[in-house]
Amino acid sequence: MKKPIAERNLDLVMTLMRFILDQPRILDRLPPDFRLVLLPDDDPELSRYNFDLLAQQPEPEQPVVFVRLKLHPLNLQVRPPQVYVPVAV
């Protein structure tokens, strides 16, 4: 049985925090005061849910950071999260 969405998102946040604690320099590349959207490659339902939340709560002045990661199997050294910061054109 699948975990509830909130619990799956918490798993993603904990995974990302472990990665950031291990690789703190990644924070140097991120804008201040950003919105974070976690997009798990191995959970399309959760990925869609998180993306839809972004559309429901627009904050046009606040930058958005997208993070793609895979939780299963979890090995951040082999496959670290992919962090994307959209750039205004």
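The preceding data block contains the structure.
The structure presented is a predicted model; accordingly, all values stated were derived computationally and were not measured.

## Focus on the overall build of the protein chain
Next up, step 1: Helix and strand counts for the protein chain come out as 2 helices and 3 strands.
Next up, step 2: Along the protein chain, helices and strands appear, N-terminal first, in the series α-β-α-β-β.
Next up, step 3: Within the protein chain, the fraction of its 89 residues that count as buried is 31%.
Next up, step 4: Summing over all exposed atoms, the protein chain offers an accessible surface of approximately 6,500 Å²; the carbon and sulfur share of this is 60%.

## Looking at helix α2 (residues 44-56)
One turn of the α-helix equals 3.6 residues, which is why residues spaced by three or four share an orientation.
Next up, step 1: In this model, α2 (13 residues) spans 18 Å end to end at C-alpha, consistent with the 18 Å of a helix rising 1.5 Å per residue.
Next up, step 2: Taken together, the buried positions of α2 are L46, S47, N50 and L54. Buried residues of α2, seen end-on, are gathered within an arc of 105 degrees and therefore sit on one face of the element. Facing away from the buried side of α2 by over 90 degrees, the exposed positions are P44, A55 and Q56.

## Digging into the sheet that holds strand β2 (residues 64-69)
Next up, step 1: Ordered by their spatial adjacency, 3 strands build an open sheet running β1-β2-β3, and the pairing between neighbours is mixed. The open sheet has two edge strands with one neighbour each: β1 (35-40) and β3 (82-84). Each adjacent strand pair in this sheet contributes to an overall mean axis angle of 20 degrees, direction not counted.

## Let's talk about the nonpolar core
Next up, step 1: Ranked by size, the top nonpolar core spans 12 residues in total: L12, L16, F19, I20, I26, L30, L38, L46, V65, V67, L69 and L71.
Next up, step 2: It is helix α1 (residues 5-22) that contributes the most residues to this core, 4 residues altogether.
Next up, step 3: Not counting residues within four places of it along the chain, the set of residues in contact with L71 comprises D11, L12, T15 and D42.
Next up, step 4: Grouped together as the second largest cluster of nonpolar side chains are 5 residues, V37, L39, L54 and F66 included.

## Some words on the side chain of R8
Next up, step 1: You can see R8 is positioned in helix α1.
Next up, step 2: When its relative accessible area of 8% is taken as the criterion, R8 is described as buried.
Next up, step 3: Residue contacts for R8: discarding those within four places in its chain leaves K2, K3, D43, E45 and L46.

## Brief notes about unusual backbone geometry
Next up, step 1: Look at D33: it is not a glycine, yet its phi comes out positive at around 50 degrees.
Next up, step 2: Secondary-structure assignment places D33 in the loop between α1 and β1.
Next up, step 3: For D33, a relative accessible area of 61% gives the class exposed.

Criteria and cut-off values
- Residues numbered from 1 in each chain as written.
- Predicted model: local features only at pLDDT ≥ 70, side-chain atom pairs only at ≥ 80, totals over all residues.
- Heavy atoms only, no water.
- Helix = DSSP H or I, 4+ residues; strand = E, 2+ residues; numbered from the N terminus.
- Buried < 20%, exposed > 50% of the residue type's maximum accessible area, 1.4 Å probe, protein only.
- Areas by Shrake-Rupley, 256 points an atom, 1.4 Å probe, with all protein chains shown as cover.
- Expected span 1.5 Å × (residues − 1).
- Arc of directions from axis to C-beta.
- Pairing = 2+ DSSP bridges.
- Axes fitted to C-alpha atoms, helices over the stretch in contact; angles between N-to-C directions.
- Core = buried A, V, L, I, M, F, W, Y, C linked by side-chain atoms within 4.5 Å.
- Contact = heavy atoms within 4.5 Å.

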